[in-house]
Amino acid sequence: MAAANYLPSEDQFLCFICLDVFTDPVAILCGHNFCKNCINEHWDANEQYMCPMCKRLFNTKPELHVNTFISEMVSQFRQSAQQKASSSSSEQQVSKPGEVPCDVCTGTKLKALKSCLVCLVSYCETHLESHLTMSGLKRHQLIDPVENLEGRMCTKHDKPLELFCKTDQTCVCMLCTVLDHKMHDVVPLKEEYEEKKVKLEAEIQQMIQKRRLKIQEIKHSVDLSEEDADREIAEGVQVFTSLKESVERGLNELINTIKEKQKTTEKHAKAFIKELKQEISELMKRSTEVEQLSRSRDHLHLLQSVQSLKTNQPPPTKDWTEVSVRPSYEGTVVRAVAQLEETLSEEMKKLLESELKRVQQYAVDLTLDPDTAHPNLILSHGRKQVRTGKVKNNLPNNPERFSLIPCVLGKQSFSSGRFYFEVQVKGKTEWDLGVARESVNRKENIPLNPEDGYWTIWMINGKEYEALAGHPVHLSLKSPPQKVGVFVDYEEGLVSFYDVDAAALIYSFTGCSFTEKLFLYLWPGNNEDGKNSAPLIISPVRVN
């Protein structure tokens, strides 16, 4: 009876190959027991009939029969384990939705405590006990419970993915290493995991450091922006204060001028009135004399007296026909406004000079990209100059090269920040320059406008200047520029063109939306039998 209650430990029923409780146990000639499928697969994989435990080699494949005695013992062991699990299930937690259930439990599924990466089974506390006590199972790798353990099996050999192939960068099973990955660099998953973890942690730390540096950069940019804002405000206050003072001064001068003219007019008018009153007084005296003479009955005496008055004492009067008081204010306001305009022009010139100096601080060193140059173009040795030749060069039609438009792009690209460069256009009768985005169509003759990826200005017919902004914008320039400066603020969406020598703004594209790399764009124009043979030159920037 005592023997009936005796139940061997689980170690006695473990297969040496799969390290799990026997399934269809068979004994080979050397006396060792294995699962029937395990020993068959082992022999098939190794192409020889050797005992995995004692290494005894058999010339022919041994005939396999299920060991009924061991099979019955295993069955009893399983029943006993299930009864033990059933009796303790009430004390354990039932698996809830979202939690990993025990794969061994029948009926009510208990919450899994661990998952075995070798068995690919999740175990509750009761069913996990054998992995904690049996020597063969202790070597299995246990992890916190996870779902989809089937995904950890090799789909080709139905074996656990225990190794990592560095050659193919994939997880493999033991059979993979002797078949598909025989000569590859294979390491245990844990080793690769540790290496990958260290590398990943280093990459994450590097990413964190980069972002911390970016934060510092942004903060520094904000500080610089604040300084720029303060400087711009101070400069603006200074300019507008100067303009305000000029306006007030001009207004005061205008008022004073008009008042002075009015005072002079009043002075002249008073003098004229005084003189006229004196004449009126004299004429009234004469009128009295004439009236007295008119009373005389002596006609001869009257006539002689009148004649004497005309000859000896002519009346003290003058001809007032052309005399008038007409104050002249015409042009006073116009001249005052003209003076104000001149002052404004001087202040504007100072501002533009200051603005040009500011953008010149973002000067970059550019060269031309020969892989983009149209076959008709000739680049200088240093790739700083481009002109149109008379003969078409035999060049490969690579994707980067312009095929129809005789133009060229810069070698350097920009996808953020600000940059500035200058191009000498002296001696040219036509040219086009600016910036272009990377994806512009280089094989067709398309319009040069922002919609198609070009932000440029040009000169044609030797004297006409236009900004190519969809509908060409005519530009009225005081003098032909000899050197054109181009400033780009990527984030602001701004492209500005300057006459460098005159320190004058030619044109600005504003509100642009840049999403690609930007490149310098140059079109030196047609050769025109040598009339337009001068090159476009990328000039070194010298602050005025």
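Not measured: the values here are computed from a predicted model. (Residues numbered from 1 in each chain as written. Predicted model: local features only at pLDDT ≥ 70, side-chain atom pairs only at ≥ 80, totals over all residues. Heavy atoms only, no water.)

## Examining helix α8 (residues 332-360)
Look at α8: 42 Å from first C-alpha to last across 29 residues, which is about the 42 Å you get at 1.5 Å a residue. Of the positions making up α8, those classed as buried are T332, T343, E347, L352, L356, V359 and Q360. Where α8 is buried, its residues touch α6 (189-294), β14 (418-424), β19 (483-489), β20 (494-499) and β21 (504-509). (Helix = DSSP H or I, 4+ residues; strand = E, 2+ residues; numbered from the N terminus. Expected span 1.5 Å × (residues − 1). Buried < 20%, exposed > 50% of the residue type's maximum accessible area, 1.4 Å probe, protein only. Contact = heavy atoms within 4.5 Å.)

## Some remarks on a nonpolar patch on the surface
On the surface, a nonpolar cluster with roughly 230 Å² of combined accessible area is contributed by L200, I204 and I208. Mapping I204 onto the fold places it in helix α6. (Patch = residues over 30% accessible without salt bridge, like charges linked within 9 Å, V, L, I, M, F, W, Y side chains within 5 Å. Areas by Shrake-Rupley, 256 points an atom, 1.4 Å probe, with all protein chains shown as cover. Salt bridge = Lys/Arg side-chain N within 4 Å of Asp/Glu carboxyl O.)

## Focus on the sheet that holds β21
Across the sheet, which stays open at both edges, the seven strands sit in the order β11-β12-β23-β14-β19-β20-β21 with antiparallel pairing between neighbours. Two strands lie at the open edges of the sheet, namely β11 (377-379) and β21, each paired on one side alone. The sheet shows a mean angle of 20 degrees between the axes of neighbouring strands, direction not considered. Against the sheet, α8 engages β14, β19, β20 and β21, with an angle of about 110 degrees to β14. (Pairing = 2+ DSSP bridges. Axes fitted to C-alpha atoms, helices over the stretch in contact; angles between N-to-C directions.)

## So, the packing of α6 against α8
Packing of α6 against α8 leaves a shortest axis separation of 9 Å and a crossing angle of 165 degrees. Relative to α8, the element α6 lies roughly antiparallel. When you trace α6 past α8, the crossing you get is right-handed. Across the interface between the two elements, R231, E232, E235, V239, S242, L243, S246, V247, L254, T257, I258 and K261 of α6 pack against T332, V333, R335, A336, L340, T343, L344, E347, L351, S354 and R358 of α8. In the contact of α6 with α8, the residues fall into ten nonpolar, six polar and seven charged. (Parallel < 35°, antiparallel > 145°, perpendicular 65-115°, else oblique. Left-handed = near helix turned anticlockwise from the far one by under 90°. Nonpolar A, V, L, I, M, F, W, Y, C, P; charged D, E, K, R; others polar.)

## Observations regarding the nonpolar core
Ranked by size, the top nonpolar core spans 36 residues in total, and within it W431, L433, V495, F497 and L522 carry the most contacts. Sequence-distant contacts of W431, that is, excluding residues within four places in its chain, are made with V425, I457, W458, M459, Y465, V484, W523 and L536. Core analysis: the second largest hydrophobic core is formed by 21 residues, V26, C35, F58 and M134 among them. (Core = buried A, V, L, I, M, F, W, Y, C linked by side-chain atoms within 4.5 Å.)

## Re the packing of aromatic side chains
Taken as a whole and judged by the stated rule, the model has eleven aromatic pairs. Taking the centre distance of 5.7 Å and the plane angle of 85 degrees together, the rings of W43 and Y49 count as edge-to-face. A relative accessible area of 1% means that W43 is categorised as buried. Geometrically, the ring pair formed by F419 and F421 is stacked, given 6.5 Å between the ring centres and 15 degrees between the ring planes. Here F419 and F421 have matching classes, each one buried. Through successive ring pairs, a cluster of aromatic residues spans F414, F419 and F421. (Phe/Tyr/Trp six-rings, centres within 6.5 Å; stacked < 30°, edge-to-face > 60°.)

## Structural notes on the side chain of T177
Note on placement: T177 falls in helix α5 (residues 174-178). Residue classification places T177 among the buried residues on the basis of a relative accessible area of 17%. Among the polar contacts listed, one links the side chain of T177 to the backbone oxygen of M174, at a separation of 2.5 Å. When neighbours within four sequence positions are excluded, T177 is seen to be in contact with L163, V172, K182 and V186. (Polar contact = N/O pair within 3.5 Å; in protein donor to acceptor, adjacent residues only side chain to side chain.)

## A look at the pattern of salt bridges
Applying the stated criterion to the full structure yields 13 salt bridges. With a shortest N-O distance of 2.9 Å, K166 and E195 are connected by a salt bridge. Of this pair, K166 sits in the loop between β8 (163-165) and β9 (170-172) while E195 sits in helix α6, placing them 29 residues apart in sequence. With a relative accessible area of 43%, E195 lands in the partly exposed category. As a salt-bridge pair, E217 and K214 come within 3.2 Å of each other at their nearest N and O atoms. Of this pair, E217 and K214 both sit in helix α6, three residues apart, which is roughly one turn of that helix. Since its relative accessible area comes to 43%, E217 is described here as partly exposed. Three or more residues are tied together by salt bridges with common partners; here these are K166, E192, E195 and K196.

Any functional reading would require information that these geometric values do not contain.
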